[in-house]
Amino acid sequence: SNHSSSPPSEDDEKFFYGLFPPGIEEDSCLSRYQSFLYHRSSYYKPSSHLQSKLRKYEKLHRACGPNTKSYRNALNKLKSNQVNQTSKCNYIVWMPANGLGNRMVSMVSSFLYALLTNRILLVDFGRDMRDLFCEPFPKSSWLLPSHFPLKREFGNDKVRHSHSVGSLMKKAANAGMETIPPYLFLNLNHGGDDEDRIFYCDKTQDHLQNIPWLLLLSDQYFVPSFFLLPSFEEEVKKLFPEKETVFYHLGHYIFNPSNHIWGLITRFYEAYLAGADQRIGLQVRVFNPKSTPRQTVLDQILACGKKEELLPQIDTQISAARPTQNGTSKAILVTSLYPEFYENIKNMYWTNPTLTGEAVGVYQPSHEAYQHFGDNMHNMKAWAEIYLLSLSNVLVTSAWSTFGYVAQGLGGLKPWFLYKTNDQHIPDPPCGRDISREPCFHFPLTFDCNSKAKVDAGTLVPYIRHCQDLPWGVKLV
Ligand code: GDP
C-alpha cells in the first residue's frame, strides 16, 4: 500500500514503489530497474490512485496502440470528414518543438492530459529523439508510426491554424457544432495563437471529448492548468495528493533512459560523482551568448555560491598545503554549452585550498558550444546531463531554463536559480531559492473562461503561485 510503515522491500524499490508495471523484460530497459539505486536519497511514493490509473492506461494503450485493429479503424476516420460514432480509442499526438527540456516538459503535460481524458499518447520523435528513452508502455509502442497520414500537415502553419481549437470554438459559438471533425490541432507553444489558449477552458474540453485525433504542438509545462479546470481538478488532486510531485512521478514513468544513455549516465556518475560526500549540480544556461559577458555570469555564480553557502569557500591567504585535510569531498557537476565556467571553477579549486580543507572535484561532461537542431547525439548528451544533474544533493539552475526544470523535477529538488542577466551587472541578489520542485508554466491562461475578464492565474488558488524565476509564469507548490 502507499503509506505503509514497513520498510520498503527491494522489489518495492525496484518498481519505484508501484510506479512501474511488472512484466517488462529487464534487459530491454536497465534504467527502469536500476534507477532506484541512484535516487534513494529523495524519493516520493506514487499515490495508489496514480498506480491504478497507470495500470489502466497501459491496458488501454495496448488495446489502441499502433498495430492494432482499433488503431487502423481510427486511422480510417481521418480519411472521412466527420465522425459519426464515438470510440474508446482516442489519441493525442505529441509533436516536438524547441529544445529537449521544452520537449520533455510538454510531453509530461501531454501524458497527464492523456490520463485525464483516456486518450492514447503517441509521440513523433523525428530524426533526433530516437535513442533517448525506453518504450514506457508494456507490450506496445508510443512511437507514432511513420506512415501516419497527417505528418506533412504538422509543419504547415496554415493547416494548423484552420484546424485549430481556436477556430473550432469560434465556429461552435457562431453556428453550433453539428459535426465532429476527425482531428484538431492544439497550438500551445510559446509563440502560438492566443485564441488557442481557450484549450484551458472547460467548455472547450467538452467539445474535444469525441474528436478522435488531437495533434499537439507545445513547448510548455501546462500541467498547472488542469488544477484550475473544474472538470479535471478533482481527479488530478486525487492522483497527486502531493502537488509538487507531478513531474517527479510522470517524468520517471515516461522518461527512462535508453540502455545507451544509461551507460553514459552511470559511467560518468561512477567515475566522477559517486565517491563524493556531496554532489552539487550547476546548470549554466546563457540565453544571449553575444550580449552576456561570461565574466558576469561567472561572478554571479560565485556570488550566489558564497551568499547561500553552496560552494566551498577558498582560502586566498594560504596557498601552501594545509597540514591536515578534513577528509571530505565535494563534486561539482557543471553543465553548460560553454567550457569557461567549468575551467574557471576547476582552476579556482586547484590553485587555492578550501577553508574547510575539503577536496573539491569539478567536472563537465560536454560543451557543445551552441544548440544543435536535428542532431541525435547532441540530444543524447543533453539528456544524460539533465539526468546527472537530477542526481545532485544541491542543485543550482538558471532562471527560465526548461533544461534545468527537468533536472529539478526528476530529482525532486528545490533548486537555487541564477537570476537572468544579459549585461555587465550581477543581479542582486544573484540567485533565489525555488518555492517548489515543479517546473514553471510560462504562459498560463490570462482570462477567465466565462467572463473573459483578465485574471492572474497565480492568485486563484493557494497551490498555484507565481514562479520566482519568471514572474508571469505559474507553478504548483
Ligand atoms: P531551455 O532553452 O534552457 O529552456 O532548454 P531546452 O533544453 O529546451 O533547449 C536548450 C538546448 O540547448 C538543449 O536541449 C541542448 O540541446 C542545448 N543545451 C543547453 N544547455 C546545455 C547543457 O548544459 N548541456 C548540453 N549538453 N546541452 C545544452
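Below is a summary of the structure that appears in this document.

What counts as what
- Position labels on residues start from 1 in each chain and follow its written sequence.
- In keeping with the predicted nature of the model, local features appear solely for residues at pLDDT of at least 70, side-chain atom pairs appear and are counted solely at 80 or more, and the whole-chain, interface and lining totals rest on all residues.
- With C-beta atoms placed from the backbone, a residue is labelled by how many other C-beta atoms lie within 10 Å of its own: buried for 20 or more, exposed for 12 or fewer, partly exposed between the two.
- By the criteria applied, helices consist of DSSP H or I runs no shorter than four residues and strands consist of E runs no shorter than two, each listed in order from the N terminus.
- Only strands joined by at least two bridges in the DSSP assignment are considered to pair.
- We call a residue near a molecule or strand when its C-beta atom, built from the backbone, sits within 6 Å of it.
- Amino acids outside the nonpolar list (Ala, Val, Leu, Ile, Met, Phe, Trp, Tyr, Cys, Pro) and the charged list (Asp, Glu, Lys, Arg) are all regarded as polar, and Gly is one of them.
- Only C-alpha atoms enter the line fits that serve as axes; for helices the fit covers just the stretch in contact. Angles between N-to-C directions range over 0 to 180 degrees.
- Angular relationships are summarised with four words: roughly parallel below 35 degrees, roughly antiparallel beyond 145, roughly perpendicular across 65 to 115, and oblique for the angles in between.
- Helix crossings fall into two classes, left-handed where the near helix is turned counterclockwise from the far one by less than a right angle and right-handed where it is turned clockwise.
- By the criterion used throughout, residues are in contact when their C-beta atoms, derived from the backbone, lie within 7 Å.

1. Topic: the pairing of strand β8 (residues 394-398)
Then, in step 1: Burial within β8 is extensive, with four of its five residues counted as buried.
Then, in step 2: Relative to β8, strand β5 (residues 278-284) is paired through three bridges, and the arrangement is parallel. Across the sheet, I280 pairs through a bridge with V394, a residue of β8.
Then, in step 3: In terms of strand pairing, β8 meets strand β9 (residues 416-418) through three bridges, oriented parallel.

2. Concerning the site of the ligand
Then, in step 1: Taken together, 19 residues lie near the ligand, and G99, L100, G101, S401 and T402 sit nearest.
Then, in step 2: Elements that contribute at least two residues to the shell around the ligand include exactly α5 (100-117), β6 (329-336), α16 (376-390) and α17 (402-411).
Then, in step 3: When residues of the shell around the ligand are assigned to their parent elements, the largest contribution, four residues, is made by α16.
Then, in step 4: Per-class residue counts for the shell around the ligand are four nonpolar, 11 polar and four charged.

3. Regarding the pairing of strand β3 (residues 183-187)
Then, in step 1: Summarising burial for β3: four of the five residues are buried, a large majority.
Then, in step 2: Sheet topology note: the β3/strand β4 (residues 213-217) ladder contains five bridges and is parallel. Bridged to L186 within β4 is L216.

4. Remarks on the packing of α16 against α17
The geometry of a pair of packed helices is captured by two quantities: the angle between their axes and the separation between those axes.
Then, in step 1: As a packed pair, α16 and α17 sit with axes 8 Å apart at the nearest point and diverge in direction by 45°. If you check the angle between α16 and α17, you find them oblique. The hand of the α16/α17 crossing is right-handed. Contact residues: I386, Y387, L389 and S390 in α16; F403, V406, A407, L410 and G411 in α17.
Then, in step 2: Among the residues making up the contact of α16 with α17, the classes are represented as seven nonpolar, two polar and no charged.

5. So, unusual backbone geometry
Then, in step 1: The omega torsion across D428 and P429 is 0°, close enough to zero to call that bond cis.
Then, in step 2: Along the polypeptide, P429 turns up in the loop between β9 and β10 (431-433).
Then, in step 3: Even without glycine at this site, N98 takes up a positive phi of about 75°.
Then, in step 4: The residue N98 is located in the loop between β1 (90-95) and α5 in this model.
Then, in step 5: Positive phi, normally seen in glycine, also occurs at E309, with a value near 55°.
Then, in step 6: Within the secondary structure, E309 is located in the loop between α14 (294-307) and β6.
Then, in step 7: Judged by local crowding, E309 falls into the exposed class, with 9 C-beta atoms found within 10 Å.

6. Side note on the environment of M380
Then, in step 1: Examined against the element boundaries, M380 turns out to sit in helix α16.
Then, in step 2: A tally of 22 C-beta atoms within 10 Å means that M380 is categorised as buried.
Then, in step 3: Between the alpha carbons of M380 and F133 there is a distance of 9.7 Å; along the sequence they are 247 residues apart.

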